[in-house]
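Structure assessment
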Amino acid sequence: MRFALLAGLALGLSLSVPAAAATGDQAPLKEVHWSFEGPFGTYNRTDLQHGFQVYKEVCAACHSLNRVAFHTLSQAGGPGFTAAQMKAIAAGYKIPAEPNDKGETVDDKGNPLTRPGSPADYFPGPFANEQAARAANGGSLPPDLSLIVKQRAGGARYVYSLITGFGEKPPADFKVADGKYFNPYFLTWNISMPQPLVDGQVTFVDGAPNKIADEAYAVVTFLAWTSEPHLEERHQIGLGVMIFLIVLSGLLYLTYRRVWKDAH
Amino acid sequence: MSGQSTYVPQNGFMRWLDSRLPLVRFAHDTMITFPTPRNLNFWYAFGAILTFFLGLQIVTGIVLAMHYVPNANMAFDSVENNIMRDVNYGWLLRYMHANGASMFFLAVYVHMFRGLYYGSYKAPREILWILGVIIYVLMIATAFMGYVLPWGQMSFWAATVITNLFSSLDQIVPHLGSTIATWLWGDFAVGDATLNRFFSLHYLLPFVIAAVVGLHIWALHVPGNNNPLGIDVKGPQDSLPFHPYYTAKDAFYVGLFAIVFAGLVFFAPDLVGNPDNYIPANPLVTPADIVPEWYLLPFYAMLRSIPQKLIGVIVLAGAMFTLAFIPWLDTSRVRSCRFRPLMKQFFWLFVIDCIVLGYCGAQSVDAVRFGIPLVMVARVGTAYYYAFFWVLMPVLGLLETPKPLPDSISKPVLGAAK
């Protein structure tokens with residue numbers, strides 16, 4: 001029985017290897033520890049709010065976040081904005097408006113009509129479409145960030161290593177392609193994104209330290225939340241379920257021994 | 001069904017019902033008094049565990065289908081925006097369903113290895129075994145189509161790779177394979193039509209599985225369970241009623257298995273998943289490594305180890321169909337490996353072989369470990385897989401001198417106390 005569990009675990013572990021092995025020559029990811037790791041992990045509210053600010057002021061220039069709705073910013077287990085703060089954030093974005101009473105979608109000058117965002121809206125992207133995004137980024141498409149932490153082998157550590165992994169000197173025999181930047185954590189080492197963060201780039205509202213590492217840690221925490229918004233609920237319910245199942249199995253074991261007492 | 005029915009209707013209504021539709025009698029005979037060998041060990045609990053997971057997959061799947069949209073433009077969003085974010089406990093259902101499939105396969109592999117080890121496929125249980133093989137093949141088909149539904153990068157490319165296997169038939173009859181592939185896709189490539197039919201079949205097949213499970217249990221209840229000693233039940237002293245003895249024992253092991261399952265669902269839901277499947281399907285971008293789910297990796301390794309596509313496909317399909325012939329490939333008169341000193345060693349070597357093949361399937365095609373290209377390891381592994389069934393099973397049965405069998409289950413060793 002214990003053997004079976006171990007064998008199962010060993011099987012599971014040996015099979016989870018491919019993702020890591022597929023990264024080839026990538027530099028080993030930086031050792032970072034997160035508040036949301038482990039079975040009791042939770043998101044740090046301050047990091048989430050700082051991270052949101054970094055996304056809004058830096059990443060959002062090129063990257064969309066189109067699976068995240070404004071109302072989730074004040075949802076339990078999220079950045080912990082108040083409902084009023086969340087509505088103010090939403091209202092700060094311009095959303096393409098629905099046709100007005102006359103059926104118009106553009107104003108007198110031919111510009112598309114917009115309206116302020118509401119809690120039910122999703123973060124609007126920086127570009128109208130993929131072609132516009134590519135045209136503005138030397139032909140490359142900045143990926144949507146809603147699921148970025150779950151989309152990459154290495155998860156949060158990968159994203160952190162990548163955005164703090166600029167500025168290193170490439171090996172002598174490696175040629176950085178035209179219009180690309182060297183980043184040893186990126187699969188091909190040639191990344192289209194220029195270094196996104198520098199020390200002091202974002203001034204946090206509460207005056208918290210804002211070195212690259214602080215900014216990156218905060219924004220990766222925020223993106224981990226956008227990838228897995230129900231993580232805290234999952235950990236919380238999981239704890240209850242585990243306690244229940246362990247007690248239940250204990251009782252089932254006693255039942256089993258009792259029933260079999262005179263059968264052996 | 002061995003033994004006569006001992007069911008006695010308790011009142012007038014039950015007597016009336018019993019003479020018209022003896023449903024309660026059937027349940028009583030199959031689930032309560034059914035005589036079960038008294039020496040079934042832990043490895044026999046996996047039948048109950050599998051039944052539990054089949055039920056769980058169907059229930060979670062039906063609810064997921066209420067929120068899922070089988071449309072190439074909307075499928076990924078319906079999973080990642082609706083089910084994973086907005087639907088109440090949608091994330092829980094989805095993680096249970098995805099990890100439930102893994103646990104289902106883990107359990108079925110233990111169940112199959114157990115059957116192999118104790119010779120449960122041998123007469124008079126050939127049909128029981130073959131029904132099991134049919135269930136396994138149906139499970140693979142269901143799991144494969146289910147994996148396509150979230151319409152992520154791995155979903156799309158797995159569907160492309162697997163359906164393209166059929167096009168290898170072009171080498172036998174020109175255009176035959178590509179015609180079949182086009183027919184399967186409902187289009188000239190994997191697309192919306194493919195996704196729709198996969199969803200339809202993914203919803204249908206679990207009920208077909210449930211029906212074959214019904215036959216499997218029926219075929220089990222005619223000769224009764226095999227047991228770790230592999231000898232027949234010789235009388236009432238060798239068996240116990242299924243309830244409460246095995247209901248209690250199985251319930252405990254289902255509980256233990258559920259703990260492992262909950263550990264995955266709540267604390268490592270993406271452990272066996274592939275990060276690429278969180279990227280929406282894109283027919284223009286091929287992932288660096290297309291890898292199936294872990295439970296299909298050994299077969300994937302076999303396929304990739306053969307340089308010629310058609311032969312690779314034949315080897316892959318043959319590996320599954322071989323299982324159906326085992327009852328006649330094994331020439332030994334002794335069922336259980338406990339009394340087969342040689343077979344026992346080759347059996348464990350076979351288990352290791354399957355794990356090594358799985359490992360090879362998970363690595364990139366050109367991977368090298370300890371100076372050995374894994375494709376060579378996979379070739380040796382494939383050869384042993386076939387040799388185990390087609391050479392060792394028939395030959396060992398004739399060459400091997402089995403250890404003496406005990407007289408009966410209740411006296412496993414001659415003269416010793418039970």
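Starting afresh in each chain, residues are numbered from 1 along the sequence in its written order. Here the convention is simple: chains get letters from A, ligands get numbers from 1, in the order in which they are written. Given that the model is predicted, a residue must reach a pLDDT of at least 70 before its local features are reported, and side-chain atom pairs must reach 80 or more before they are shown or counted; all residues, however, enter totals for whole chains, interfaces and linings.

Section: the overall build of chain A
Rules: Helical segments are the DSSP runs of H or I of at least four residues, strand segments are the runs of E of at least two, and each set is numbered from the N terminus. Within these notes, the globule rule equals 2.2 Å times the number of residues to the 0.38 power, and the radius of gyration is based on C-alpha atoms. Counting other C-beta atoms within 10 Å of a residue's own tells you its class, since 20 or more makes it buried, 12 or fewer makes it exposed, and anything in between is partly exposed; those C-beta atoms are placed from the backbone. We call two residues in contact when the distance between their C-beta atoms, placed using the backbone, is within 7 Å.
When helices and strands are counted, chain A shows 9 helices and 4 strands. Start at the N end of chain A and walk to the C end: the helices and strands fall as α-α-α-α-β-β-α-α-α-β-β-α-α. By the compact-globule yardstick of 18 Å for 264 residues, chain A is too spread out, its C-alpha radius of gyration being 24 Å. Oriented by its inertia axes, the alpha-carbon framework of chain A measures out at about 90 × 60 × 40 Å. Considering chain A as a whole, with its 264 residues, one finds that 33% of them fall into the buried category. In chain A, once contacts between residues fewer than 6 apart in sequence are set aside, the share between residues at least 24 apart is 64%.

Some points on the overall build of chain B
When helices and strands are counted, chain B shows 14 helices and 4 strands. Computed over its C-alpha atoms, the radius of gyration of chain B comes to 24 Å, within 12% of the 22 Å expected for a compact globule of 418 residues. For chain B, the C-alpha atoms occupy an extent of roughly 70 × 60 × 45 Å along the three principal directions. Classification of the 418 residues of chain B by burial places 42% in the buried group. Across chain B, contacts joining residues at least 24 apart in sequence account for 75% of those joining residues at least 6 apart.

Remarks on the interface of chain A and chain B
Counting from both sides, the interface comprises 40 residues of chain A and, opposite them, 41 residues of chain B. Of all the elements in the fold, those that place two or more residues in the side of chain A that touches chain B are helix H1 (2-15), helix H2 (18-21), helix H6 (148-151) and helix H9 (231-260) of chain A.

Here's the deal with the packing of helix H6 (residues 126-148) of chain B against helix H9 (residues 192-221) of chain B
All names here are of chain B. Applicable threshold: For helices, the axis comes from a line fit to the C-alpha atoms of the stretch in contact; other axes are also lines fit to C-alpha atoms, and the angle between any two N-to-C directions lies between 0 and 180 degrees. An angle below 35 degrees is treated as roughly parallel, one above 145 as roughly antiparallel, one from 65 to 115 as roughly perpendicular, and anything else as oblique. In this scheme the crossing of two helices becomes right-handed for a clockwise turn of the near helix relative to the far one and left-handed for an anticlockwise turn of less than a right angle. Gly is placed with the polar residues, together with every amino acid not listed as nonpolar (Ala, Val, Leu, Ile, Met, Phe, Trp, Tyr, Cys and Pro) or charged (Asp, Glu, Lys and Arg).
Their axes nearest at 9 Å, the elements H6 and H9 cross at an angle of 160°. Considering the angle they form, H6 stands roughly antiparallel to H9. As H6 packs across H9, the resulting crossing turns out to be left-handed. In terms of residue class, the contact of H6 with H9 is built from 22 nonpolar, 5 polar and no charged.

A word on the domain arrangement of chain B
Residue and element names in this part refer to chain B. Inclusion rule: An automatic or database domain assignment supplies the start and end points of every domain.
Domain boundaries in chain B define domain 1 (28-234 + 241-290) and domain 2 (292-403). Averaged C-alpha coordinates put domain 1 and domain 2 at centres separated by 22 Å. The interface of domain 1 with domain 2 comprises 27 residues on the first partner and 22 residues on the second. Secondary-structure elements contributing two or more residues to the side of domain 1 that touches domain 2 are helix H5 (90-117) and H6. Ranked by residue count, the leading element in the side of domain 1 that touches domain 2 is H6, at 8 residues. Looking at the side of domain 1 that touches domain 2 residue by residue, the classes come out as 18 nonpolar, 6 polar and 3 charged.

A look at the domain arrangement of chain A
Domain parsing of chain A yields domain 1 (23-68 + 122-229) and domain 2 (230-264). With 8 residues of domain 1 of chain A in contact, the opposing surface of domain 2 of chain A contributes 5 residues.

Remarks on the packing of H6 of chain B against helix H7 (residues 153-164) of chain B
Residues and elements named next belong to chain B. For the pair H6 and H7, interaxial distance at closest approach is 7 Å and the crossing angle is 135°. Overall, the two elements H6 and H7 adopt an arrangement that is oblique. On H7, the residues that touch Phe144, Tyr147 and Val148 of H6 are Ser155, Ala158, Ala159 and Ile162. A class-by-class count of the residues in the contact of H6 with H7 yields 6 nonpolar, 1 polar and no charged.

Notes on the nonpolar core
Note the cut-off: The term nonpolar core means buried Ala, Val, Leu, Ile, Met, Phe, Trp, Tyr and Cys residues held together as one set by C-beta atoms within 7 Å.
In terms of nonpolar packing, the biggest core is built from 93 residues, with Ile49, Phe104, Ala107 and Val148 of chain B touching the most fellow members. Examining the composition of this core, we find that 14 residues originate from one element, H5 of chain B, more than from any other. Discounting chain neighbours no more than four positions away, the residues touching Ile49 of chain B are Ala107, Tyr253, Val254 and Phe257 of chain B. With 45 residues, the next largest nonpolar core counts Cys59, Leu145, Tyr217 and Leu223 of chain A among its residues.

With respect to the confidence of the model for chain A
As a reminder, the rule being used: The quantity called pLDDT is the predictor's confidence in a given residue, expressed from 0 to 100.
Residues of chain A with pLDDT of at least 70 account for 91%, and the chain-wide mean is 89. Confidence drops under a pLDDT of 50 for residues 1-24 of chain A, and excluding neighbours within four residues, the segment shows 33 contacts in the predicted structure.

A few points about helix H4 (residues 75-86) of chain B
Residues of H4 of chain B that are buried include every one of Ala75, Phe76, Ser78, Val79, Glu80, Ile83, Met84 and Arg85 of chain B, and no others. Against helix H3 (46-67), H5 and H9 of chain B lie the buried residues of H4 of chain B.

Section: the environment of Pro394 of chain B
All names here are of chain B. Here Pro394 shows up in helix H14 (residues 374-399). It is 9.5 Å that separates the C-alpha atoms of Pro394 and Ile326, two residues lying 68 residues apart in sequence. Sequence-distant contacts of Pro394, that is, excluding residues within four places in its chain, are made with Leu329 and Thr331.

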